[in-house]
Structure formats: structure tokens, C-alpha cells
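Read off the chains here:
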Amino acid sequence: MTISALIFLLLLFAAFSYFMARQKITTAYRQNKQPSKIMTLPKYFGYVAALCSLLPSLLVLFVLQGVEEPYINSEISSFIGSQNIAASDDLDLYLNEIKSADTPEKIAALSEEKQAVYQRYHEIETTTQRTITAIVLSLAILLVIWGLRKINTETPARKVFEKIIEGILLLAASIAIMTTVGIVFSVLFESTRFFGEVPIMSFMFGTEWSPQTAIRADQVGSSAAFGAVPLFVGTMLISFIALLVSVPLGLMSAVYLSEYASSTVRAVAKPVLEILAGIPTVVYGFFAALTVAPFIRGLGESMGLSVASESALAAGLVMGIMIIPFVSSLSDDVLSAVPQSLREGSLGLGATRSETIVKVLIPAALPGIVGGVLLAASRAIGETMIVVMAAGLAANLTVNPLEAVTTVTVQIVTLLTGDQEFDSAKTLAAFALGLMLFITTLILNVIALHVVRKYREQYE
Amino acid sequence: MNEAVLNELAEPPTGVNAPPETEDSLNIEYTDTVGQPMCENAKFRTKNVNVFYADNQAIHDVSLDIGAHQVIALIGPSGCGKSTYLRTLNRMNDTIDICRVEGQILLDEQDIYAKKQDPVLLRARVGMVFQKPNPFPKSIYDNVAYGPKIHGLTRNKSELDDLVEEALIKAGLFQEVKDRLHAPGTGLSGGQQQRLCIARTIAVQPEVILMDEPASALDPIATAKIEELINELKENFTIVIVTHSMQQAARVSQRTAYFHMGRLIEVGETDQIFTNPAHELTEKYITGRFG
Amino acid sequence: MSLENTENSMNNTELVKQSLKKRYIKERVFKLMGLFSIATAILFLLILLVDIASKAMPAFSQTKITLPINLDAEKLGLDVSSSKQDMMGADFRTVIRAALLKQFPEVTKRKEKRALYSLTSMGAEFQLRDMVIENPDLLGQSIEVDFMADDDVDAVIKGSIDRNLPESDRRVKDQKLSWIETLEQSGQISTGFNWHFFSSGDSREPEMAGIKGAIIGSLYTLLVTLALSFPVAVAAAIYLEEFAPKNRFIDFIEININNLAAVPSIVFGLLGLAVFINFFSMPRSAPVVGGIVLSLMTLPTIIIASRSAIKAVPPSLREAALGLGASKMQSVFHHVLPAALPGILTGTIIGMAQALGETAPLLMIGMVAFIVDIPQSVVDPSTVLPIQVYLWADSPERGFLAKTSAAIMVLLFFLVAMNAIAIYLRKKFEKKW
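Residues numbered from 1 in each chain as written. Chains lettered and ligands numbered in written order. Predicted model: local features only at pLDDT ≥ 70, side-chain atom pairs only at ≥ 80, totals over all residues.

Undergrad: Would you take a moment to explain the overall build of chain B for this structure?
TA: In terms of regular secondary structure, chain B is built from twelve helices and eleven strands. Split into buried and exposed, the 291 residues of chain B put 47% on the buried side. Considering only intrachain contacts with a sequence separation of at least 6, the fraction spanning at least 24 residues in chain B is 72%. (Helix = DSSP H or I, 4+ residues; strand = E, 2+ residues; numbered from the N terminus. Buried ≥ 20, exposed ≤ 12 C-beta atoms within 10 Å, placed from the backbone. Contact = placed C-beta atoms within 7 Å.)

Undergrad: I'm lost on the overall build of chain A in this one. Help?
TA: In terms of regular secondary structure, chain A is built from 16 helices and zero strands. Scaling as 2.2 N^0.38, a compact globule of 460 residues should have a C-alpha radius of gyration of about 23 Å, whereas chain A reaches 32 Å, well beyond that. With the C-alpha coordinates of chain A rotated into their principal frame, the extents come out at 85 × 80 × 35 Å. Taking all 460 residues of chain A together, 42% fall into the buried category. Contacts spanning at least 24 positions in sequence make up 75% of the contacts within chain A whose residues lie at least 6 apart. (Rg over C-alpha atoms; globule rule 2.2 N^0.38 Å.)

Undergrad: I tried to follow the domain arrangement of chain A on my own but got confused; where do I start?
TA: Accessible area lost upon the coming together of the parts is a frequently used measure of interface size. Entries for chain A in the domain assignment read domain 1 (3-155) and domain 2 (215-459). Taking the mean C-alpha position of each, domain 1 of chain A and domain 2 of chain A sit 51 Å from one another. (Domains from an automatic or database assignment.)

Undergrad: I tried to follow the interface of chain A and chain C on my own but got confused; where do I start?
TA: Taken together, the contact pairs 67 residues of chain A with 64 residues of chain C. Taken together, the residues of the side of chain A that touches chain C sort by class into 43 nonpolar, 19 polar and five charged. (Nonpolar A, V, L, I, M, F, W, Y, C, P; charged D, E, K, R; others polar.)

Undergrad: Explain unusual backbone geometry to me, please; I cannot follow it from the model alone.
TA: Where the residue is not glycine, phi is negative for most of them; where a peptide bond is considered, it is trans in most cases. Despite not being glycine, Q205(B) shows a phi value in the positive range, around 55°. Within the element layout of this structure, Q205(B) appears in the loop between α8 (190-203) and β8 (208-212). What makes Q205(B) buried here is the crowd of 20 C-beta atoms within 10 Å. Its identity is not glycine, yet S285(C) carries a phi of approximately 60°, on the positive side. Within the secondary structure layout, S285(C) lies in the loop between α12 (265-279) and α13 (287-311).

Undergrad: What is the right way to read the interface of chain B and chain C from this model?
TA: Listed by partner, the interface residues are 24 residues for chain B and 16 residues for chain C. Every element with two or more residues in the side of chain B that touches chain C is listed here: α1 (2-9), α4 (119-125), β7 (126-129), α5 (140-151) and α8 of chain B. In terms of residue class, the side of chain B that touches chain C is built from 14 nonpolar, six polar and four charged.

Undergrad: Could you clarify how one ought to interpret the pairing of strand β3 (residues 56-67) of chain B in this entry?
TA: Side-chain direction in a regular strand flips from residue to residue, so the side chains alternate between the two faces of the sheet. Residues and elements named next belong to chain B. Bridging between strand β2 (residues 42-53) and β3 involves eight bridges; their strand directions are antiparallel. Residue pairing for β3: R45 is matched across the bridge by D65. Taken together, β2 and the strand that follows it, β3, pair antiparallel across an intervening segment of two residues, in which A54 is found at a positive phi of about 50°. (Pairing = 2+ DSSP bridges.)

Undergrad: Looking at this structure, how should I read the pairing of strand β10 (residues 255-260) of chain B?
TA: Residues and elements named next belong to chain B. The element β10 is largely enclosed, with a buried count of six among its six residues. Taking every second residue as pointing to the same face, both faces of β10 are buried, with R255, A257 and F259 on one and T256, Y258 and H260 on the other. In terms of strand pairing, β10 meets strand β11 (residues 263-269) through six bridges, oriented antiparallel. When the sheet's bridge partners are listed, T256 is paired in β11 with G268. What sits between β10 and β11 in their antiparallel hairpin is a turn of two residues, with M261 showing a positive phi close to 45°.

Undergrad: Mind showing me how you'd approach the sheet that holds β10(B) here?
TA: Backbone-to-backbone hydrogen bonds join strands into a sheet, with any given pair of strands oriented parallel or antiparallel. In space, the seven strands of this open sheet follow the order β1-β11-β10-β4-β9-β8-β7 (chain B), with mixed pairing throughout. Here the strands that pair on one side only, and so sit at the sheet edges, are β1 (34-35) and β7 of chain B.

Undergrad: Quick question: what am I supposed to make of the environment of T221(C) here?
TA: Residues and elements named next belong to chain C. In this fold, T221 is placed in helix α10 (residues 212-243). With 27 residues separating them in the primary sequence, T221 and N194 have C-alpha atoms 26 Å apart. Here T221 is in contact with P287, G290, G291, L294 and V384, once residues within four sequence places are set aside.

Undergrad: In this structure, what is going on with the nonpolar core? I would like to understand it.
TA: What tends to happen in soluble globular proteins is that the nonpolar side chains get buried as a cluster. Counting residues in each nonpolar core, the largest one holds 281 residues, and the members touching the most others are A288(A), A315(A), V318(A), I386(A), A390(A), V240(B) and A236(C). Those residues in contact with A390(A), other than ones at most four positions away along the chain, are G285(A), A288(A), A289(A), A293(A), E310(A), A314(A), A315(A) and V318(A). One finds L78(C), A99(C), L100(C) and I189(C) within the second-largest nonpolar core, a separate group that totals 28 residues. (Core = buried A, V, L, I, M, F, W, Y, C linked by C-beta atoms within 7 Å.)

Undergrad: Explanation requested: the sheet that holds strand β3 (residues 189-193) of chain C in the structure shown.
TA: Residues and elements named next belong to chain C. Taken together, the three strands give an open sheet; going across it, the order is β2-β1-β3, and neighbouring strands pair in antiparallel fashion. A strand with exactly one partner marks an edge of an open sheet, and here the two such strands are β2 (142-148) and β3. Here the average twist between neighbouring strands, direction ignored, is 35°. Bridge count between strand β1 (residues 61-70) and β2: seven bridges; the pairing is antiparallel. By the bridge assignment for β2, L67 is matched with V145. Here helix α6 (residues 124-134) sits on the sheet and contacts β1 and β2; the angle it forms with β2, its principal contact strand, is near 135°. (Axes fitted to C-alpha atoms, helices over the stretch in contact; angles between N-to-C directions.)

Undergrad: Explanation requested: the packing of helix α10 (residues 281-302) of chain A against helix α11 (residues 312-336) of chain A in the structure shown.
TA: When two helices pack together, their arrangement is given by the angle between the helix axes and by the axis-to-axis distance. Residue and element names in this part refer to chain A. In the contact formed by α10 and α11, the axes pass within 9 Å of each other and the chain directions differ by 135°. Here α10 lies oblique to α11, going by the angle between them. When the axes of α10 and α11 are compared, the crossing they make is right-handed. Residues T281, Y284, F287, A288, V292, A293 and I296 of α10 form the contact with α11, whose own contacting residues are L313, A314, A315, L317, V318 and M322. Looking at the contact of α10 with α11 residue by residue, the class counts come to twelve nonpolar, one polar and no charged. (Parallel < 35°, antiparallel > 145°, perpendicular 65-115°, else oblique. Left-handed = near helix turned anticlockwise from the far one by under 90°.)

Undergrad: I keep staring at the environment of K359(A) and nothing clicks. Help me out?
TA: Within the secondary structure layout, K359(A) lies in helix α13 (residues 353-382). Measuring from C-alpha to C-alpha, the distance between K359(A) and F326(A) comes to 24 Å, with 33 residues separating the pair along the chain.

Undergrad: I would appreciate a short explanation of the confidence of the model for chain B in the present structure.
TA: In regions of low pLDDT, the predicted coordinates are not meant to be interpreted in detail. Of the residues in chain B, 89% reach a pLDDT of 70 or more, and the chain-wide mean stands at 84. Ignoring residues within four places in sequence, the model shows residues 1-25 of chain B, a span with pLDDT below 50, making 37 contacts including any to other chains. (pLDDT = per-residue confidence, 0-100.)

Here it is as C-alpha cells:
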């Protein structure tokens, strides 16, 4: 029986339970002429009865499903061992070949020896699946009977049901934790494998990055190939350019919009900022690579400068524009949290608006603005598509914005796209870079969120 | 939501806008409650009730009986704890995490704060009408039918229809809305909305109805209608009403309890309280010298 | 200077007056700086949109070459009763080539012939084949067919290849150009709206490449994202807003949600690759995995939006329900949730728009493969709109430049539509409690 059919049956049992329990309670209510009018609705008894058979059976089903594969593998391995079949070096590959034989033609194509193994595999698989089905179904039936027998008008059905729902809600809320754990686990696990091959020091402080040359076995771990410093410098260079563009422009936009702009200007500018924020990064990347980069190159050449066609400047500029709305909305929040009394105090002394803003508002809002800049920096560092499309692939160690540099995110994409063998040092390196990226942005985010929260509390 | 409720309720008891000359009178030594806090045929008996918001005590040692099928009015200056006390009677204070209730509150001689007491069942028996009309954003019919539906009070649609109609009639609203039962309840006028909220409460057929300044957001005509309604409802229900208006208390209630800074100062027959208060504070409040 | 001294304070007023001029200039400069910032943003947006729209225009029309075709049943080895399989295998290419040769009988050299044959698209034979499969009666008839032109021909007609350039600088040589002009004069060349772009999947040939595969792929991915993230996010928001006790575990959850909202999207791609593809062996390139990854990514957005929508529901509504003896759960699900739903939906649509434009995490899980077929289900390999943009932007053929821009236009169209719905919802259900 397939899993979906089994689950369908379980649902059917649950539905049966629901109706039976509801019926039982309705009848009981009718017979017993209680003086109290307020009663728990019969449907809650139905829900409880249904969940009482459904949830445990599903849990058992998933657990059994989880152990099925390892169990079959161990069984079939011991069979191979007992038959003295010289399984090829790689047992996994051997098993995979047998398991993937799902059509008669493919089975016929197997060697005789493998066919025997296939037969055995098939037997084991069938019996295991039958056992699982039998266990789950009998458990479900037992629970249905037990639940229907146990349930009566004294059962606190609504409370039990609501507790179950609350548990489910809590589970949903905990997915955030599971996601974080999943991220940490996946990047950390693969990274430790990488650092097993490449010393962490040469990764962190090496100045040469050329993963492509490290394909040959004798070169794996040669310290020169995986030095990530050029990537870190490149990432910082582009992020720095982006912040140089976005922080002043974003901050000034926010100031202008909240302090000076007429309602017409605001009616135009706010949607423009929202649209800028909503444009997918791949569009910015396309624009940076095909319009901005050639333009900057042409401009540079007309001034007698040599500009790389994938200059850091082009990627940084466009990224800066992309982050403007982000900085602007954060600064807007922060500035509007400054109490009106400060503003009035300064204006009341005869200060001009700009003096009030520069000398009173911005200093008062500084912690919040710094927090916003940190968040923007975290955005810039983690931004991928613009740099993938507009920045270079070659790892040049330079801080000249007119040259091509590469970034951490570009390298992660390059190393992991296409059909790669998963366990090579090359793909593992991508996870090590991912770890660096995650840690950096995590630190920036935590500091920024903390700073901003403290700032807000100050004025609440 | 808790914070909002809290702000409303936990105004520090010191916040009485008392003119300076009554400052002395506020420092009068508290004695035991004056008057007759006990009564026969009591629906509620509360004994030595103390309520705290975190470390802040909002109710001090209040003992009061609430007689069946009569209206008792709780009066006092704002922040005196009368709303807080009212909300302990159907455990609405449970929704505020930091709120703690001590003492004994008996409904039909059963402790409503006992472990096995289900607050949901309690609130079905002790309904509540709030200060601001708060109809659900649903139709008039659905507003009234909601309670009976969740409690399974009716077996079928026609029974439910009858119940809704009956509740609306009792609340004196039926004639005004019978042609638009399926129009949204939020479209009614303020006074109608409040009567809808009363109809909604009646439909659950509670034993006690708590009213927290039910007319404070209404105009005089709507207020008069509500008061008339309260007079009719006391035939079937026990009513506890918190009010700011002494005239209202005098008009609708049989007994009156005067609260001051979280303490119950005086309880008595309404006539006696308003004509011949026994406690100095009660007298000062009634004569309008603070509050 | 003492304050009592009236003479001095007169002087002060004078001093202030003198300084004012300078200060007002500063004020004006400051204001201009603000205006400049806003103007930069608006200008940039305009340039970006105009640039992409102008680049996209050519992709929405397609040049066609009308050729008289003799569907000789014998030469094709087919008759009306031939099976579909036979027709699939029949040699329609020769028929088209014959038609081209008939137009230009002077062409005899092999090399020239090859150039001649490249006037029509590589897909022309499939076009003809599908026509015949659809209507076998055409066999044996002579008909006129509008064939899709090759992208070079297309470029000449649309003027993106300049005919006046010297031959050595031009992609299309003189001979081919003369054929094109002959066809133009005989009225055999026409341009029409490029329906093909919206009705077919990707291709290596720019003129045959369509966006339907990517649209369907995006649709499936978004469906999975929505189906997973909406219920989970709403449940999480309800729990955190209504039921959560105040303890460290809940604080930890909140920190996690806020932090996840700021984690770079590519890191979610790494998670998807390591956990779902490698650990759980889910299919690569499939919308189902893409949807799972994107739903984890959009969860914080929707949770945060839903929480503020729930928070905005007035406490009086909850109290009203509680006062009637509804349980906490009933008051939340019967009253709070319906009241908060418009806000939750707005947040969800914004989250979905974010997911629709997301590229990086999907690159990680292999949705970057070249896929011609239109996906039929959530487990079929497929690509999505932004990745289609990325793939075409990387292609060297100049025909793809217009296709890329056109794909961006389609992507932006969907984003604008989604945001418009969100704004409409917000406006319609905006409630002042």
C-alpha cells in the first residue's frame, strides 16, 4: 500500500471516529436531561476522538518510514555478505543500481547475480512495507475503538482539543528556530568537512583564490587555492561603495520627505521608493551589467582611465541605489521616533529647520541610524544577484573600484551551480563561504536589532 | 491587548483629581466597611478580596454580597477599583497576566477561582456588557446568535431564530432592527449597539449580568432606554452595574456600594446611601466635593 | 555680555540678523541636497524602466516569412492515415528547403544554400509538422505558410542590424540581405505580435525561446510557497500574539524570526541544497523544493505582518467574545482572525511578491538548468521567471537581449499586479477601530 493510500485510510478512520463520537455525545445529551444548559458542543468530542487516533498513527507512520530505508539497507547488505557476492567497491552505488530497477526492462538488464539480489531486495521491501502498514493500521483501529469507548460527556473535550491546537500553533512558531538550526547545522557540518581538507588559517588568511585549479587530487588542500581574503576584500569594497551611495541618499531622502516635501512630492516619491524596493535584484543585476557598467567604462575611457568591464564601481553603484529605500524607510522610522518636544525646543530657540535636523534630530537619532546602516551593510554583504551578474569572477586582491573584483556570494553561486559532485573540496568551500557570510550578517543583524531596540526604548 | 486593558484599569489609585481642600479627607483612617455588605438570598458572596497588578494593590480586602434578582450599583471616583472588582466576578482579569486575585468569591456558594472551575463556563453564567459598545463586525443576527451557537443552546435553526428574536425583544431592539437582521451590527447607532450587546449577553441566558459603565459612551436618550431596560431585566437576572453617574445609580439600583481607593467604604440600600450616607467619604462624594 | 544690558541684547539681535543670511543659504543648500537625493532615486527608476522597456520592445513582435509550400505526400512518405508517430518522424525540413530554393533558384553553391536555409527559424519544420498533425488533410495540398524568421532576419527587419554598414562590419552579409529585400518587396515578410513568446518554453534559438515554462514554473513554486508559508505564518503569529507566555523560549523564537528576516537569501539556498536535496534526497530543480526554501524565507515577513494585523484588532472585540463565555481559542478564531485577515493577506501578498522576484536561493537548488518542456507538476524540473532572466542575460546571442528585457517586463507586470491587489485590499478593508 502506498503512503498516500495509507494516510487516506487514516483520515477515513479519523472521520469515522469524529462522526461516531459526535453521535454518541449527542445521544447522551438527549437522554440525560441535565439541568445545566451550557454544554460542550458535540463536535469537540468528535475532534478529540478523531485526533486521538490520527496523530499517534501518523507519528508512528513517519517514524517507521524513517527507519525503513536504513533497515532495508542493512538487511540487503547482510544478504550480500552471506551470499559471498563480490559487491563492487562501493556498496551504495551497487544498492542504488538495484533499487533504481523499477521497470521489467531494467530488471532484465541486470546481471544474474544482481537479479538475485534484486529478488531479495524486493522481498525485503515488500515485507517491510506490509509490516509497517499492518502496525499503523492496527494501531489506528485500536485507538479508534479505545477513543470511542473512553469518550463520554464528562470528557473535557473542548479543553483537550484547544490544548492540541495550541500545541500545533507553538510548533508553527518554533519553525523559525528549526530553520535557524537547519541553516547553522548545514553550513557548519559541510564547513567542518571543508576545514578537514583545507586548514582554516589558510582559508581565512590566504590571499590566493583559485578553486578551479584545485580539481586534481594532489592539489586538494594546497593552501594557495582556497585563500578567501580576495573575496572578503572584494565584498567589502563593493559593499562600501553601495553604502557610500545609499546612506547619504537614503538618509537625505527620508529627511526631505518627512521635513520638507510638499504632499505632491511625497505622493510621487513614496511610491517610487516602494517600487525601487520591490524590483527584483536580478533586474538590477541585468541593468548593472548591460547599461551601467558599459556607461562607466565609456565615461572612464573618455577621461583616460582604464576601467574593467565588470568594475566594482558599477555593481556597487547599482547596489547602492537598490538599498536607498531600505535606508530611507529605516531612517524615517528612527527620525519619527524622536520626540516632537526636542524638535520644538530647537525651533523655539530660533534655529532653522536644517540646523534643527543636523544639530538636534540626527544626533538624537544617531544610534537608530547606526543600527539602520548596519542592517544596510548586512544587506549589501549578502546581496547576490547584482554581483553575480555585474561583478567579476576572477579573485583580484585590490581596492581600486575601477577594477573587477569578486565577492563571497558570487563564488558561492559559481561553485554550486551546474552539476557538481557534492563532496568535492570545491563545493564544500562554498559552504565555508556561506558560514562566513552567515556569521558576519548574523553579528551585524544582532547588533543592529539590539541598538535599534535600545534606541526605541529610550523614547518610549 | 493586556497592556491596553491594564492602562484602563490600573490607573494608580492616587490619581484622583481632588481639589486641595479635600486632601485631608482622603487621609481618613479606613475602618471596616460601613452599612450592610451582607445580604440574604445572595447570588455572589465575596470575602476579603484583594487584587494586585504585579506589586500594585488595586483592591483591598473587599467583602460584599450581591443579592439575587436585584440591581447593585458600584460607585466611586475613577481609579477606585470598582471596574477591577467587577471584572473579578467573571474572571475577565484572567486575561491580564500580571493580575492576581486573593480571597474568596462564591457564586451560588461555589468558589469561582477554584482549580476545577472553567472560566469559560463561568462567563457563560456571568455575562458582561462593556463600557464601549463592542459589537462583532458581523450581522445583527450573528452577533446575537454567536453565544447560543458556541454553547450549543439550540438544536436547530428555527429554535435559534426564536432565541435571537426573544433576546432582541427583551433588549428592546427588535422593533428597530427586525427588517435588517442581516445588516452589520457595527452600522447601528451607539445606543442601539449597546442594546445589541445586551441582547447578545441575554441570548446566552446568563444568571448574572455585569455592566461596566454601560451608558457612559451614550447620549441622554439612549441612556434612558438602557436604564429602562435594566429595570426590566432585573426580573430575570442579577445585575451588577458600575457607573460614574450617581443619578443613574439612584435610578436603577436597589443597593449601592461605594468604593474609594480600592476599598469598599459603604454599602446599603440605594435610598439610604443617597439620602443619609453613614460614612464621611461617601457623603463627600455624593455631595460632589470630589470625584 | 550680560543679559540685563539692553544695549548688548540689541547688538545680539543685530548679530542674529547678520548671521541669518548665511544660515538661510545653508538651509537652502540642505533642502536642495534632500531634493537631489529624491530626484536621484526617481531618475534612476525612470532610466531603468525606460531602458528595459525600450530593449524589450523588439521581443514582443516577431518577423515572419510567408512561403508557398507544396506538401507532397509521397515525398514526405505520409498519407492521411499515417500515424502520429510517422508524422513526427517525417522530413518536413526538405519541404521547406525546397520552397526556399524555388524562391531563389539562382542559389546553387552548398555554402550559399546553407545561408539561404537559415532565413527561416530552426523551428520552422516543427511548425509545419504540427500543422500537418493537426490537420492531415493538408497533405498533398499547396499552401502558404507564415514561418518564423531567423533572429538575424528579425534583427534586420527591426533595424537593430544596420543595413548601411559595410559588409565586413555587419552580421548579415550582402547576399542574405538581398534575399531579405527581395522577400520584403514581394510582400512575403510580415511582422506580428509575438504570441509564441508567451506560449512556449525555453530554447537555444532566440526566436523560438518563450517564457511560458518560466511563468508556469513560477506559478507552481509560488503555490507551494503559499500553501506552506501562509498557514504556518498565521499559526505562528496567532501563537506569539495571543497565547505565548513570557519566557526565554518565546524570546528566543522572536529573536530568531527577526534575525531570519535579515539573513541573506543565498544562505537559505545553502540550507535547501544541504538539507532538502542532499539529506532528504528531494528532486533537484523542482518547484516543490524551491517552494519550501522560499516559504522558509518569506515566513518572517508574513509572521511580522500578521502579528501587527492581529495586534491592531481592538481588545474590546476579544473581551466581547470572552464576556459571552467564548474560550480564548474561540475568541481568536471566530473574531480576532477574521478581523485581522485583510492585514494578514496584504502581508502575505507582499511576501509572495518578494518570493516571486527571488533568484539566488533557487540557483543553489538547481532551478538554473536549461529546461525546454513546460513543467506539468510541482516535481517536474523547471525554472522560474527571475532565473529565466538570469539565464537569458548570460546568453551571447543578441536576440536574447530583447528576450531578457521582455522577461523582466513580464516579471515586473506580475509584481505590479500583486502589489496593486495588496494596496486594494489594504484600502478596501482599512478600518479605523
